[in-house]
Amino acid sequence: MSDTAPAGPPIRDAATVLLVRRRPGGPSILMGQRGAGAAFMPNKYVFPGGALDPGDAGVPLASPLSPGCLSRLDAAARPGMGAALAAAAIRELWEETGLALGLPGPWPGDVPADWQAFAATGFRPAAHPLTFVFRAITPPGRPRRFDARFFLADATDVAGDPDDFSRAADELSHLHWVPLAEARRLNLPFITEVVLAEVGALLGRGGAPEAVPFFDNSGPLPQFRRLV
């Protein structure tokens, strides 16, 4: 009998979008509820997001992330990871809400299968609206683990009506704009509460982070640090 503990699930790279709508009464953020039967965070209210797909690295972005975001993302992973994560964030936002972050224009070459509905809108995915604002690795002991990068984006950069969720898949229910001041009253994962607090403070400072908070649960002890 081996004394070695069984390996847990692999840590998958992931991307999440905090889409913000600024209103006179204060900002609102787009959230939805995961299903009761979901393997990861059932019944919880979350931001749109999901795991990186192998094809995300090859998606022809119409515009890149800012140099600062790319530097922080690539420095903690491998060159090119930043662009792939941006593509994943845009794809997940599209799949789960039906909202597109893009610029008008034709796609060069063949359109990947999971991007064909997006391309049919006449837009190509654009990463310039995304700002890298948070990173967190799921703690051990969970059925699924992710190395999630959180991106902030403004609803004014959505191509079309930000209230039109008619093209969304059924992965998230109760999609709606939640006033940031009220969002923490929902049934939230712990890390979502932390991100909301950080983003609320960031928006109060103008929305440009000097350093990105990082909850690192990759090792035996959790660590909190900031990516500069």
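For every chain, the first residue of the written sequence is number 1, and numbering continues from 1 onward in sequence order. Reporting in this predicted model follows two pLDDT cut-offs: at least 70 for local features of residues, and 80 or more for side-chain atom pairs to be given and counted; totals over whole chains, interfaces and linings ignore these cut-offs and use all residues. Only hydrogens and water are removed before side-chain values are computed, so all heavy atoms of the structure are retained for them.

1. Examining the pairing of strand E1 (residues 11-21)
With eight of eleven residues buried, E1 lies mostly within the body of the structure. Strand pairing is defined by DSSP finding a minimum of two bridges between the two strands. A run of H or I in DSSP counts as a helix once it spans at least four residues, and a run of E counts as a strand once it spans at least two, with each numbered from the N terminus. The sheet contact formed by E1 and strand E8 (residues 145-154) spans ten bridges and is parallel. Note that in E8 the partner of Asp-13 across the bridge is Asp-147. As judged from the three bridges shared by E1 and strand E4 (residues 49-51), these two strands associate in the antiparallel manner. Within E4, the position partnered with Ala-15 by the bridge is Gly-50. Three exposure classes are used, based on accessible area relative to the maximum for each residue type with a 1.4 Å probe and protein chains only: buried under 20%, partly exposed in between, and exposed over 50%.

2. Some words on the packing of aromatic side chains
In summary, the pairing rule links any two rings of Phe, Tyr or Trp, Trp by its six-membered ring, whose centres are within 6.5 Å, and it sorts them by plane angle into stacked for under 30 degrees, edge-to-face for over 60 and tilted for everything else. Counted by the stated rule, this structure contains seven aromatic pairs. When the ring of Trp-107 is compared with that of Trp-115, the centres are 5.7 Å apart and the planes differ by 50 degrees; the resulting orientation is tilted. When its relative accessible area of 12% is taken as the criterion, Trp-107 is described as buried. Seen in terms of ring centroids, Phe-134 and Phe-150 are 5.7 Å apart; in terms of plane orientation they differ by 90 degrees. Their pairing is edge-to-face. Taken together, the positions of Phe-134 in strand E7 (residues 131-137) and Phe-150 in strand E8 put the pair 16 residues apart, joining distant regions of the chain.

3. Side note on the pattern of salt bridges
A side-chain nitrogen of Lys or Arg and a carboxyl oxygen of Asp or Glu constitute a salt bridge if their distance falls within 4 Å. For the coordinates displayed, the defined rule picks out twelve salt bridges. The shortest N-O distance in the salt bridge between Arg-34 and Glu-171 comes to 3.9 Å. On the criterion of sequence distance, the pair formed by Arg-34 in strand E2 (residues 28-34) and Glu-171 in the loop between E8 and strand E9 (172-179) is long-range, its members being 137 residues apart. Note on Arg-34: relative accessible area 14%, which makes it buried. Accessibility expressed as a relative area gives 39% for Glu-171, which makes it partly exposed. A single salt-bridge network, built from bridges that share partners, covers Asp-53, Asp-56, Arg-91, Glu-92 and Glu-95.

4. Focus: helix H4 (residues 190-204)
A rise of 1.5 Å per residue sets the reference length of H4, with its 15 residues, at 21 Å; its end C-alpha atoms lie 22 Å apart and thus fit the reference within 8%. Working rule for contacts: check all heavy atoms of both residues, and any pair within 4.5 Å makes them a contact. Looking at the buried side of H4, the elements it contacts are E1, E2, strand E3 (45-46), E7, E8 and strand E10 (212-216). Trailing H4 by a residue or two, Gly-206 shows a phi angle of about 115 degrees, which is positive. The span you would expect from a helix comes to 1.5 Å times its residue count less one.

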